[in-house]
Amino acid sequence: MLYSTTVVVALVVTVSTTPIMAQRVVPADTVDQTRSDEDQDVIDQTGLDDDEDDDAASDHDSPFESFDEVEVTRVSPDEIPDFRPGLPSQAPSRMDASNLPRTLSGSQLERVSSHVAAATVEIIAVQRPPSHYRQTDMIYRGHALWISASRSGDDPELVSTADWISDASELYAVDGDVSQALSKGGLELGGHDPQPLDDVMADRRGLLERHRSDLVELQVEESNRHVNLARLAAAEGEEFAGPETGLILHDMDAVMPGSIFGFSPAVGQTMTPVGYNDSSDLEREYSFYFLVNFRAILGAPIVTAEGRLLAINALRYPEDPKQSLAIPPGAIHAFMQTGRAEGSDGDDDDR
């Protein structure tokens, strides 16, 4: 009896010294008391070899994930993007199209429209799907603008909104013949949705190949996603001359004009009066823009009665497709590096 009691005590000691996570509860009446400790197998419940146990324990000391490589990028304050959103100072919060003053006579409207039209270029962007998708090229049709950073309008640069051309595999400036072919195919200029390139073919030959002599291949020289603008230039081996003078930017230290106009060949050959709406309550993801009721997007210009560039219409407002989101003048100044994004620029009269 004393021997049996001694065995029970030994079992209790053995169980109490087993690590808690590896402990297995065994009813006392199932223990084989005839086997010695040397005959019993030790069960490794960690799933690892003994020489890996120490490493495994050290790997799980921290509850946080570890990363093999960490890349740290340091930026100086002047490298932080300058958004410059917002309208000129003293801007009214809302102006409906029905209340816009008609300040232009017929001849004035025609003259200013001619200047804006000369600085507006129709471009098409072809996007090729990734290889694992059906290989149907999609085509967009939008605008690019010859914009000058100077108050004189000299040395204009070709600029468009960046979001719709950022993934383009081909980019072209087009003339009237190609524009007519696209229109016959039903592709809206400045529309929101792309269209399969096959749908705008005039015959069995590809549209782009058929009109290649009327196309000028472009490339993106610079793209800034923070202000949704891109600078374009003719591709290598191509020539594409702009007008002698481009669109001049509306100054930020001038008040918001009482009359603003939109222009797109899709709407007409003359400028169209445009209203702008209260943008103070726009959702945070759209607060960079301001709302206008001009339907042509993808780089269409919004100008003043004098033909100065106030904004660039970018995309439809998802909450109300009748309105569009336009890039404000401060952001365009910042992208063009005019030095006038904040308003008064002191004695610098040339820029």
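What counts and how
Residues numbered from 1 in each chain as written. Predicted model: local features only at pLDDT ≥ 70, side-chain atom pairs only at ≥ 80, totals over all residues. Heavy atoms only, no water. Helix = DSSP H or I, 4+ residues; strand = E, 2+ residues; numbered from the N terminus. Buried < 20%, exposed > 50% of the residue type's maximum accessible area, 1.4 Å probe, protein only. Contact = heavy atoms within 4.5 Å. Areas by Shrake-Rupley, 256 points an atom, 1.4 Å probe, with all protein chains shown as cover. Salt bridge = Lys/Arg side-chain N within 4 Å of Asp/Glu carboxyl O. Expected span 1.5 Å × (residues − 1). Arc of directions from axis to C-beta. Phe/Tyr/Trp six-rings, centres within 6.5 Å; stacked < 30°, edge-to-face > 60°.

Undergrad: Explain the overall build of the chain to me, please; I cannot follow it from the model alone.
TA: Looking only at helices and strands, the chain features six helices and 14 strands. Considering the chain as a whole, with its 351 residues, one finds that 39% of them fall into the buried category. Partitioning the contacts of the chain with sequence separation of at least 6, the portion at a separation of at least 24 is 67%. Accessible area for the chain stands at about 21100 Å²; split by element, carbon and sulfur atoms hold 48% of it.

Undergrad: Would you mind showing me how to read the pattern of salt bridges here?
TA: Pairs may arise between side chains of opposite charge once their charged atoms sit close together. As enumerated under the stated definition, the model contains 10 salt bridges in all. In this structure, Arg 141 and Glu 122 form a salt bridge, with 2.6 Å as the shortest nitrogen-oxygen distance. Separated by 19 residues along the polypeptide, Arg 141 in strand β2 (residues 138-148) and Glu 122 in strand β1 (residues 120-127) bring together distant segments of the chain. For Arg 141, a relative accessible area of 5% translates into the label buried. A salt bridge links Glu 217 to Arg 212; the nearest nitrogen and oxygen atoms lie 3.9 Å apart. Under the relative-accessibility criterion, Arg 212 is labelled partly exposed at 31%. Because the salt bridges share partners, they merge into one network encompassing Arg 128, Asp 137 and Glu 170.

Undergrad: What exactly am I supposed to notice about helix α3 (residues 106-118) here?
TA: In an α-helix, one turn spans 3.6 residues, which is why side chains three or four residues apart end up on the same side. Taking 1.5 Å of rise per residue, 13 residues should cover 18 Å, and α3 covers 18 Å from first to last C-alpha, within 8% of that figure. Burial in α3 covers these residues: Val 112, Ser 113 and Val 116. Down the axis of α3, the sector holding all buried residues measures 105°, keeping them to one side. Away from its buried face, by an angle of more than 90 degrees, α3 presents the exposed residues Ser 107, Glu 110 and Arg 111. Summarising the contacts, the buried residues of α3 are in contact with β1, β8 (247-248) and β12 (300-304).

Undergrad: How do you make sense of the packing of aromatic side chains when you look at a structure like this?
TA: The way to describe two aromatic rings as a pair is by their centre distance and the angle between their planes. Enumeration according to the criterion identifies four aromatic pairs in this entry. Between Trp 146 and Phe 240, the aromatic rings sit 5.8 Å apart at their centres with planes inclined by 40°, giving tilted as the arrangement. Here Trp 146, found in strand β2, pairs with Phe 240, found in the loop between β7 (229-234) and β8; they are 94 residues apart in sequence, far enough to count as distant. For Trp 146, a relative accessible area of 9% corresponds to the buried category. Where Tyr 286 meets Tyr 317, the ring centres are 5.7 Å apart and the plane angle is 90°; that geometry is what we call edge-to-face. Here Tyr 286 is found in the loop between β10 (272-274) and β11 (290-292), whereas its partner Tyr 317 is found in the loop between β13 (309-316) and β14 (324-327), with 31 residues between them in sequence. Note on accessibility: Tyr 286 and Tyr 317 belong to one class, buried.

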